[in-house]
Amino acid sequence: MTNRRQFLKAQGAALAFCAASTFVPGGLLSSLTSFAQSFPDVVIVKGSPAQATREAVNLLGGMGAFVKPGQKVVIKPNMSFVANVDSAANTHPEVVAALAALCREAGASSVLVLDHAFQSGNRSLEASGILAACESIGAGICRNVTQSRNYQEADFEKALQMRGNAIIKDVLEADVLIAAPVAKTNSSTGVSLSVKGQMGLVLDRNVMHYRYDLDTAIVDLCQRLKPSLVVIDASRVLASNGPYGPGTVLRPGEIIASRDPVAADAMAVASYQWYGRNMKPRQVGHLVMASKRGLGRIDVENMNVKKVLL
Amino acid sequence: MPKITVPDGKRFVFLRRTTQTSSIALFFVLLFSANIHFFGLPKDIFLRLDPLAGTLLPVVSRSWLWVFWPAMLVMAATIICGRFFCGWLCPMGATLDAAGGLLRRFFPVRQRLSRFMHTSAYFLKYLVLAFMGCAAFCGVNLIFWGSPIALLTRFYGLFLAPALHAASNFLLAISEPLLREMDAGSILYALEEPHFFHTSAFVACFWGVLLILELIAPRFWCRYLCPAGALLGALSLFSQFRRGVLLPKCAHCGQCVKNCPTGIINPKNLSSPAQECIVCGSCLASCKFGAIVFSSASVSRTPTKESLLPSRRAFVTAGIGGVIVGMALPIVSAKASPQQYVRPPGTIPEDDFLAVCLRCGECMKVCPTGGLQPIGLESVFSGIFSPRLDPYSGGCLPECTACGNVCPSHAILPLVLAQKRYAKIGTAVIDRKECLAWGEDKRCMVCKENCPWNAVEVVPRPGYAVPVPEVRNEHCYGCGFCQKACPKTPAAIVVESTDALRLNSPDFEKAARAAGLRLQPASEISAQALPDQESPALPPGFLE
């Protein structure tokens, strides 16, 4: 337990650190701080999707920092929609393929690309281009999981409302979970990014709509399934009429990556115009809740951001 | 006419068995193959061979259905060589032969029916035919209750296939630990979950009864009940190629009587009525004395004493029964089921549809989402077993044209995609009291995110705490994915048959444009083509 004094001390220290980090050059800072803090909070890389993805992971310490040899990895992209790459409803196939390749290079024993699409079969996987891109990395690694036998009930111990749901077994067995959402709007939750995207790993999404408060249930889920690496595909951004579209497609050509899913999402919210308007992370209900419940930060103005143009 | 005789019984039976086996094998291949054509053979060829459908569907629909020319061939051939179709080609006959043979081996029940019972039951099928025929003349389609190929297609496609699929899923589930141990976990993803069909219980019971009847008499259905058999039997009365007995050679051993699967050889004079003989050759193979011939020569025939045909009075009574039902049914059904069903895309207008739909279930079997379901016993007076879209089971895929292209009677038109995509089947309607967003202030856009037609908008409306869904009717196809996905049970958004396009010709694009519809799948709409949207004060889903 912390008492108020300790809390204030910690706050003060953090403030001092943040203030310092804006003045002290990065190299000096990284030598001063511990290993985990030696990388930027969020990286934004502009370039072709595959190259930018590799560079973004590299700036966060390389895939080796997340995936140890022999580990099982699950990558969760958006591939639920029967829509092509230009529509921005699904993650760019090159981003997914680059991540899968990086995991392989880091020595992962298995890499799976999983999503629970709206309909069974491979139609949306094919339309998105992700199936073909993944086949070139490893046959059969990209799967749409709609069969209930591939799910297993899991308890969400820290949940406020949704105390359990069935989760894809391969996700429960994985050592590393990587979220690779596309940046897009969602008419229920404002945006759908890495935190909201975890809904694609459970069997019964509907219960999150009709029984629980959606935002609360999203955070309940993300507390159980927190990705250790988030790579948001903002090569194209579906800035209106999400999640399916068709809608306004922006083309920033960027990749936003972070170890902190809330920080990555918050940065994506702050970086682009949604329905032609500038929005703040605090205007996205589930991100506010996630930060309050300790899942990550939404204070984009205080983050250590590394921007790279390839 | 040249004299044709078949002397070698064993070879004859071997040839028949081979044909029967190939026939049912082909039936399975066509039913279960994903392709519409198999080496040039259309998927529905067996249904189009069905003589009952080929004769009575044109009568019901008052139109010449040229697609049933194979059935005409069968009937023409029957006039020459008897009910060979039943013994050689019919996959239902082959199924009953195989299943009945197995059943009789495992449950050797003594066949108790007296000869009197048997001989007095053969005429039943002619009454069934008279009944269905007269109803057909009154414009009522009862054919599907007796068309053997339709019954069989329904049984295999809508009951047995899902049952076997479920069984393989169960096997997969119990072998999961082993598969994961062997690092073959990917197999677990390979098999989708089966689509089950409504009325399965009824189909199972119906076939259960048929198989139990096989214990009472082999080919019970074909002997006593099958109206298609009755039709072919009537044509066989004129057949040239038929069974005969050379009495001087006959030792009266009774083997032929015992081995006849339809039980029609008279034990006294060994004659058999041509209309009941399925030309299977069992008697020929069982005769050690060479006393039986199948021949086009009339000299060898022994005259038949028993006709086994129904009495004129019974026949006329059955016919009148058919007329009464044929007159009454439209009146009763108009009162009983005013409900308009959501039919598959490209379905012809309802009255024409009910007249020609064979209820074979091909469209439902082929539907990739399992959304096409048979209408159940609740609609016993008219639409029973005919297809409707049940969105709770699955939606109608924008890029699929399967159902129309397998329909044997063109009750669903075979459309190309360019036309099918305009064949609107209904319109989604939101129940604002039940809807999570409209009625309970809960944020939900599941209908929108599942809509392949971009027909649902989720928009802020004054007086409502959250953005609410609205259906744009002219964009809505009625595909039903919204209803399937709606978190509420029952769904707060349901497809009704409102504004469905039902045409007799395949020009749906024109009709859709004339009706002011703007059907375009979301996947085809490019973002550049969108009209400029004014940005809302607060984008949907964001907080102030």
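Residues numbered from 1 in each chain as written. Chains lettered and ligands numbered in written order. Predicted model: local features only at pLDDT ≥ 70, side-chain atom pairs only at ≥ 80, totals over all residues. Heavy atoms only, no water.

Participant: I'd like a description of the overall build of chain B, backed by residues and values.
Facilitator: Within chain B, the secondary structure is distributed over 25 helices and 11 strands. Structurally, chain B occupies a C-alpha span of about 105 × 65 × 40 Å along its principal axes. Considering chain B as a whole, with its 544 residues, one finds that 56% of them fall into the buried category. Taking the intrachain contacts of chain B between residues at least 6 apart in sequence as the baseline, contacts between residues at least 24 apart amount to 76%. (Helix = DSSP H or I, 4+ residues; strand = E, 2+ residues; numbered from the N terminus. Buried < 20%, exposed > 50% of the residue type's maximum accessible area, 1.4 Å probe, protein only. Contact = heavy atoms within 4.5 Å.)

Participant: Before we move on, can you summarise the overall build of chain A with the specific residues and values?
Facilitator: The helix and strand tally for chain A stands at 12 helices and 15 strands. Here chain A, with 310 residues, has 59% of them falling under the buried criterion. Sequence separation of at least 24 residues holds for 72% of the intrachain contacts in chain A that already meet a minimum separation of 6. Looking at chain A as shown, the accessible area adds up to about 11800 Å², and 52% of this sits on carbon and sulfur atoms. (Areas by Shrake-Rupley, 256 points an atom, 1.4 Å probe, with all protein chains shown as cover.)

Participant: Can you tell me about the nonpolar core, naming the residues and giving the values?
Facilitator: Formed by 114 residues in total, the largest nonpolar core has its most connected members in M92, W207, W221, L358, Y477, I493 and F508 of chain B. No other element matches helix 9 (residues 148–174) of chain B, which puts 7 residues into this core. If we ignore the near neighbours within four places in the chain, the residues touching M92 of chain B are P148, L151, L152, W207, L210 and W221 of chain B. Core analysis: the next-biggest nonpolar cluster, separate from the first, contains 61 residues, M162, A179, V237 and A263 of chain A among them. (Core = buried A, V, L, I, M, F, W, Y, C linked by side-chain atoms within 4.5 Å.)

Participant: Would you mind going over the side chain of T427 of chain B in detail, with residue names and values included?
Facilitator: All names here are of chain B. By the element assignment, T427 lies in strand 8 (residues 427–430). Residue classification places T427 among the buried positions, given a relative accessible area of 3%. A polar contact of 3.1 Å, which involves the side chain of T427, links it to the side chain of K424. When sequence neighbours within four positions are dropped, the list of residues in contact with T427 reads N473, C476, G478, V494, V495, E496, T498 and D499. (Polar contact = N/O pair within 3.5 Å; in protein donor to acceptor, adjacent residues only side chain to side chain.)

Participant: Talk me through a nonpolar patch on the surface; I want residue IDs and the actual numbers.
Facilitator: On the surface, a cluster of nonpolar side chains totalling about 430 Å² of accessible area is made up of I79, I80, L237, F238 and L309 of chain B. Following the sequence through the fold, I79 of chain B ends up in helix 4 (residues 69–81). (Patch = residues over 30% accessible without salt bridge, like charges linked within 9 Å, V, L, I, M, F, W, Y side chains within 5 Å. Salt bridge = Lys/Arg side-chain N within 4 Å of Asp/Glu carboxyl O.)

Participant: Got a sec to walk through the interface of chain B and chain A? Specific residues and values, please.
Facilitator: Interface extent is often summarised as the accessible area lost during association of the parts. Tallying the contact residues gives 48 residues for chain B and 54 residues for chain A. Surface buried jointly by chain B and chain A totals about 4300 Å² across both partners, of which 49% is contributed by carbon and sulfur atoms. Of all residues in chain B, Y189, R443 and F542 of chain B bury the most surface against chain A, accounting for 19% of the area lost on that side. Here chain B is connected to chain A by 5 salt bridges. The interface formed by chain B and chain A contains 24 residue pairs in polar contact (both at pLDDT 80 or more). Within the residue set of the side of chain B that touches chain A, elements represented by two or more residues are helix 9, helix 10 (176–181), helix 11 (187–190), helix 23 (446–450) and helix 24 (481–485) of chain B. By residue number, the principal contributor to the side of chain B that touches chain A is helix 23 of chain B, which donates 4 residues. Its residues placed into classes, the side of chain B that touches chain A shows 29 nonpolar, 9 polar and 10 charged. (Buried area = accessible area lost by both parts, 1.4 Å probe. Nonpolar A, V, L, I, M, F, W, Y, C, P; charged D, E, K, R; others polar.)

Participant: Which residues make up the layout of surface pockets, and what are the values?
Facilitator: All names here are of chain B. Roughly 980 Å³ of internal volume is contained in the second largest pocket. Taken together, 37 residues line the second largest pocket, and the ones lying closest to its centre are R104, P218, N259, P261 and S282. Here the lining of the second largest pocket takes 8 residues from helix 6 (residues 91–106), the largest share from any one element. Here the residues of the lining of the second largest pocket sort into 16 nonpolar, 11 polar and 10 charged. (1 Å grid on protein atoms, 1.4 Å probe; cavity = no way out; pocket = protein on both sides within 12 Å on 5 of 7 lines; lining within 4 Å. Points joined across faces, edges and corners; volume = space filled by probe spheres on them.)

Participant: Can you break down empty space enclosed by the protein residue by residue, with the values?
Facilitator: Scanning the entire structure with this criterion turns up 11 cavities of 30 Å³ or more. Here the largest cavity defines a volume of roughly 200 Å³. What lines the largest cavity is a set of 18 residues, among which N78, F118, K196 and R205 of chain A together with E449 of chain B lie closest to the centre. Residue assignment for the lining of the largest cavity shows that the elements contributing at least two residues are strand 8 (182–186) and helix 8 (194–197) of chain A. Grouping the constituent residues of the lining of the largest cavity by class yields 4 nonpolar, 8 polar and 6 charged.

Participant: How would you explain the packing of aromatic side chains if you had to name every residue and give the values?
Facilitator: Residues and elements named next belong to chain B. Under the counting rule described, the total for this entry stands at 25 aromatic pairs over all chains. Relative to F385, the ring of W145 has its centre 5.4 Å away and its plane inclined at 65°; by these criteria the two rings are edge-to-face. Taken as a pair, W145 in the loop between helix 8 (124–137) and helix 9 and F385 in the loop between strand 6 (372–374) and strand 7 (387–389) lie far apart in primary sequence, 240 residues in all. Judged by relative accessible area, F385 falls into the buried class, the value being 1%. Through a chain of ring-to-ring contacts, three or more aromatic side chains come together here, namely F27, F28, F32, F46, F155, Y156, F159 and W207. Geometry around F385 places R154 over its ring, the cationic atom sitting 4.3 Å from the centre. Between R432 and the ring centre of W438, over which it is positioned, the NZ or CZ distance is 3.7 Å. (Phe/Tyr/Trp six-rings, centres within 6.5 Å; stacked < 30°, edge-to-face > 60°. Lys NZ or Arg CZ within 6 Å of the ring centre and 35° of its normal.)

Participant: Which residues make up the environment of A88 of chain A, and what values do they have?
Facilitator: Residues and elements named next belong to chain A. Following the sequence through the fold, A88 ends up in the loop between strand 2 (72–77) and helix 4 (93–105). According to the relative accessible area criterion, A88 is buried, its value standing at 0%. It is 8.6 Å that separates the C-alpha atoms of A88 and S235, two residues lying 147 residues apart in sequence. Once residues within four sequence positions are removed from consideration, A88 is found in contact with V182, K184, R236, V237, L238 and V249.

Participant: Give a description of the pattern of salt bridges that names residues and reports values.
Facilitator: Residues and elements named next belong to chain B. Taken as a whole and assessed by the stated rule, the structure comprises 23 salt bridges over all chains. Residue E214 pairs with R104 through a salt bridge whose shortest N-O separation is 3.1 Å. One end of the pair, E214, is in helix 12 (residues 200–216); the other, R104, is in helix 6, and 110 residues separate them in sequence. By relative accessible area, which is 23% here, R104 ends up partly exposed. A salt bridge links E350 to R343; its shortest N-O distance comes to 2.7 Å. With relative accessibility at 2%, the residue R343 sits in the buried group.

Participant: Tell me about helix 12 (residues 285–292) of chain A, and please be specific about residues and values.
Facilitator: Listed in full, the buried residues belonging to helix 12 of chain A are G285, H286, L287, V288 and A290 of chain A. Tucked inside the fold, the buried residues of helix 12 of chain A contact strand 9 (190–192), helix 8, helix 10 (214–224) and helix 11 (261–271) of chain A.

Participant: How would you summarise unusual backbone geometry if you had to cite specific residues and measurements?
Facilitator: Between G242 of chain A and the following residue, P243 of chain A, the backbone shows a cis peptide bond with an omega angle of 5°. Its place among the elements puts P243 of chain A in the loop between strand 10 (229–238) and strand 11 (249–250). Note the cis peptide between G245 of chain A and P246 of chain A, where omega equals -5°. Its place among the elements puts P246 of chain A in the loop between strand 10 and strand 11. At R62 of chain B, a residue that is not glycine, the phi angle is positive and equals roughly 55°. With respect to the helices and strands, the residue R62 of chain B is situated in the loop between helix 3 (51–61) and helix 4. Assessed through its relative accessible area of 53%, R62 of chain B is described here as exposed.

The values reported here are purely geometric and, on their own, carry no functional implication.
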